[in-house]
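Chain by chain, the residues:
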Amino acid sequence: MVTQAGSNAELTDLLIVGGGVNGAAIARDAAGRGLSVQLVEQHDLAQHTSSASTKLIHGGLRYLEYYEFRLVREALIEREKLLGIAPHIIWPLEFVLPHEKHLRPAWMIRAGLFLYDHLAKRKALPASRAISFAAHPAGGVLQPSYKRGFTYADCWVEDSRLVVLNAMDAAERGAQINTRCKLLSARPEGGLWLARTEAGPIAARAMVNAAGPWVAEVLSRKLGRNTENNVRMIKGSHIVTKRLYEGEEAFILQNPDGRIVFVIPYERNFSLIGTTDVPFDADPDKVEISPEETAYLCAAVSRYFRKPVTPADVVWSYAGVRPLYDDNATEAKAVTRDYVLDLTHDEATPPLLSVFGGKITTSRKLAEHALEKLLPAMGRPVGSSWTGDAVLPGGDFTDFNKYLTEFQGRFPSLPLDLARRLVRAYGTRAERFAGTNMGEDLGGGVSEAELAYLARHEWVRSAEDVLWRRSRLGLHVPEGTAARIDDYLGQAVLSG
Ligand SMILES: Cc1cc2nc3c(=O)[nH]c(=O)nc-3n(C[C@H](O)[C@H](O)[C@H](O)COP(=O)(O)OP(=O)(O)OC[C@H]3O[C@@H](n4cnc5c(N)ncnc54)[C@H](O)[C@@H]3O)c2cc1C
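A brief look at the structure comes next. Since this is a predicted model, take the numbers as computed values, not measurements. (Residues numbered from 1 in each chain as written. Predicted model: local features only at pLDDT ≥ 70, side-chain atom pairs only at ≥ 80, totals over all residues. Heavy atoms only, no water.)

1. Quick look at the packing of aromatic side chains
And then number 1: Tallied over the entire structure, the rule returns 19 aromatic pairs.
And then number 2: Their ring planes at 50 degrees and their centres at 6.1 Å tell us that Y403 and F407 sit as a pair that is tilted. Remark: F407 and Y403 occur in helix α8 (residues 400–410); sequence separation between them is 4 residues, near one turn of the helix.
And then number 3: Note on F433 and Y453: the rings are 5.0 Å apart at their centroids and 40 degrees apart in plane angle, and the pair reads as tilted. Taken together, the positions of F433 in the loop between α9 (416–426) and α10 (448–457) and Y453 in helix α10 put the pair 20 residues apart, joining distant regions of the chain. In this pair, the class of F433 matches that of Y453, namely buried.
And then number 4: Stacked on the ring of Y339, the Lys or Arg R70 has its end atom at 5.3 Å from the ring centre. (Phe/Tyr/Trp six-rings, centres within 6.5 Å; stacked < 30°, edge-to-face > 60°. Helix = DSSP H or I, 4+ residues; strand = E, 2+ residues; numbered from the N terminus. Buried < 20%, exposed > 50% of the residue type's maximum accessible area, 1.4 Å probe, protein only. Lys NZ or Arg CZ within 6 Å of the ring centre and 35° of its normal.)

Written out as structure tokens, the structure reads:
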């Protein structure tokens with residue numbers, strides 16, 4: 001039943017607010033369990049925190065210091081699960097940890113790495129080990145005073161692509177994904193949520209608030225609910241420099257303030273350095289790195305590397321806001337990285353689930369837990385978990401290099417670099433548009449065929465969506481490419 005006020009509203013089982021990793025993962029899981037789903041995202045998919053991460057699928061070695069064993073174990077299990085379902089956008093990465101005995105004694109690091117190796121089963125990823133820099137290529141990057149260290153493995157993820165693949169899979173299972181569509185307000189009526197959105201009214205049997213940094217604002221301003229202030233907003237920034245060293249390994253550097261900073265090979269020709277932890281209370285839509293954060297990150301690397309890094313080396317930077325659950329920790333770095341799912345449901349209120357905190361790494365599991373809470377409240381059977389074994393779009397291969405060779409065999413006219421980029425981004429879905437006639441190259445190998453695919457299947461509307469979220473080609477393409485892409489997309493929209 002839809003009441004008079006909502007009589008023209010489309011009726012759906014689940015309305016999800018937020019097209020970041022958590023909203024998209026919940027949409028995928030719910031659609032696969034047979035619910036009708038509408039997701040509304042005010043901007044582009046992954047436009048906020050979910051494209052501003054360090055891009056690691058990791059257990060979070062440092063969280064062990066805060067006794068976050070539940071979170072670390074869940075995240076370690078997720079590494080291999082996610083690697084299995086999205087082998088195109090997720091791959092293993094070796095981390096080198098130089099030993100600094102005055103910062104953390106060797107026994108403490110060994111104990112942490114032992115837990116890291118054993119809290120969850122590993123099949124694909126190697127165990128940690130102690131190394132001497134005399135016999136490891138990382139020794140050539142570090143100052144000669146560093147003699148010993150450790151290595152361990154975690155995974156890299158193309159964060160914003162993980163969001164899009166979840167949304168695509170949800171859509172292919174029947175979900176409706178509405179981008180550039182803000183939730184304006186919602187209220188309970190007649191056992192339903194009646195929502196006003198920029199795409200029109202929606203009536204929903206249950207609602208999920210996965211608005212990330214806006215989670216409290218959605219509760220108070222859009223739903224008119226009293227909220228305790230249970231979000232801690234913590235800004236984190238990254239800088240990007242020209243590639244600092246040849247090797248494929250990443251570094252995890254201990255800072256005297258107790259924090260750690262990563263240096264990671266990025267986009268072939270670059271190095272990614274981050275992150276910071278800065279309390280934040282401004283508009284999450286307007287977040288940017290400060291000169292102090294840039295100086296802090298440069299100093300962290302210069303303390304360890306032979307060749308110092310200065311702010312003049314920075315070619316790009318980005319910043320995001322972590323919407324963390326407020327556990328009353330005194331310091332920003334100590335606030336829990338675990339998530340909390342808050343379900344409200346009573347006679348007057350249809351089920352409403354709000355997501356606080358969470359990681360890219362734990363998004364799939366978070367979605368499972370969300371549905372285990374929501375479905376009983378909706379009077380539906382929970383059914384079985386399914387997302388851990390079902391590959392995400394394009395991920396239906398096991399060995400990246402083997403599949404790349406097959407792909408090249410099928411499309412021999414594509415240059416190797418382009419073939420590799422397409423397979424990394426789209427996996428087997430690249431076969432849907434790769435070929436001899438891919439239309440005009442609008443810059444840096446971005447063809448009309450690829451853009452048409454992105455517009456049709458990945459909700460792309462602008463050059464910024466293409467160059468900074470569906471990819472980071474913005475770092476590579478020649479000047480003028482963005483304008484040509486915008487022109488092409490504008491014409492594609494006009495011609496329907
Ligand atoms: C610096 C930094 C580094 C990180 N590194 C890692 C890492 O290496 N590994 C890891 O696992 N995690 C990492 N994280 C954490 C991870 O990025 C976040 O936990 C995750 O992206 C949060 O996703 P989300 O979906 O909750 O929020 P978001 O991605 O912010 O999505 C929420 C969405 O809701 C939308 N929205 C808000 N209000 C409305 C409305 N009224 N109507 C419609 N839509 C609305 C917003 O536009 C936004 O897109 C990092 C985070 C930061 C900031």
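Back to the write-up after that little detour.
2. Here's the deal with the packing of α8 against α9
And then number 1: Viewed as axis vectors pointing N to C, α8 and α9 meet at an angle of 125 degrees, and their least axial separation amounts to 10 Å. By the angle between their axes, α8 is oblique relative to α9. Along this stretch, α8 crosses α9, giving a crossing that reads as right-handed. Residues F400, N401, Y403, L404, F407 and Q408 of α8 pack against L416, A419, R420, V423 and R424 of α9.
And then number 2: Among the residues forming the contact of α8 with α9, the class breakdown is 7 nonpolar, 2 polar and 2 charged. (Axes fitted to C-alpha atoms, helices over the stretch in contact; angles between N-to-C directions. Parallel < 35°, antiparallel > 145°, perpendicular 65-115°, else oblique. Left-handed = near helix turned anticlockwise from the far one by under 90°. Contact = heavy atoms within 4.5 Å. Nonpolar A, V, L, I, M, F, W, Y, C, P; charged D, E, K, R; others polar.)

3. Observations regarding helix α4 (residues 159–172)
And then number 1: Between the first and last C-alpha of α4 there are 20 Å, a value that for 14 residues agrees with the 20 Å anticipated at 1.5 Å per step.
And then number 2: Of all 14 residues in α4, 12 are buried; the element is thus mostly enclosed.
And then number 3: Turning to α4, its buried residues are D159, S160, R161, L162, V163, V164, L165, N166, A167, M168, D169 and A170.
And then number 4: Looking one or two residues beyond α4, the residue adopting positive phi is G174, at roughly 110 degrees. (Expected span 1.5 Å × (residues − 1).)

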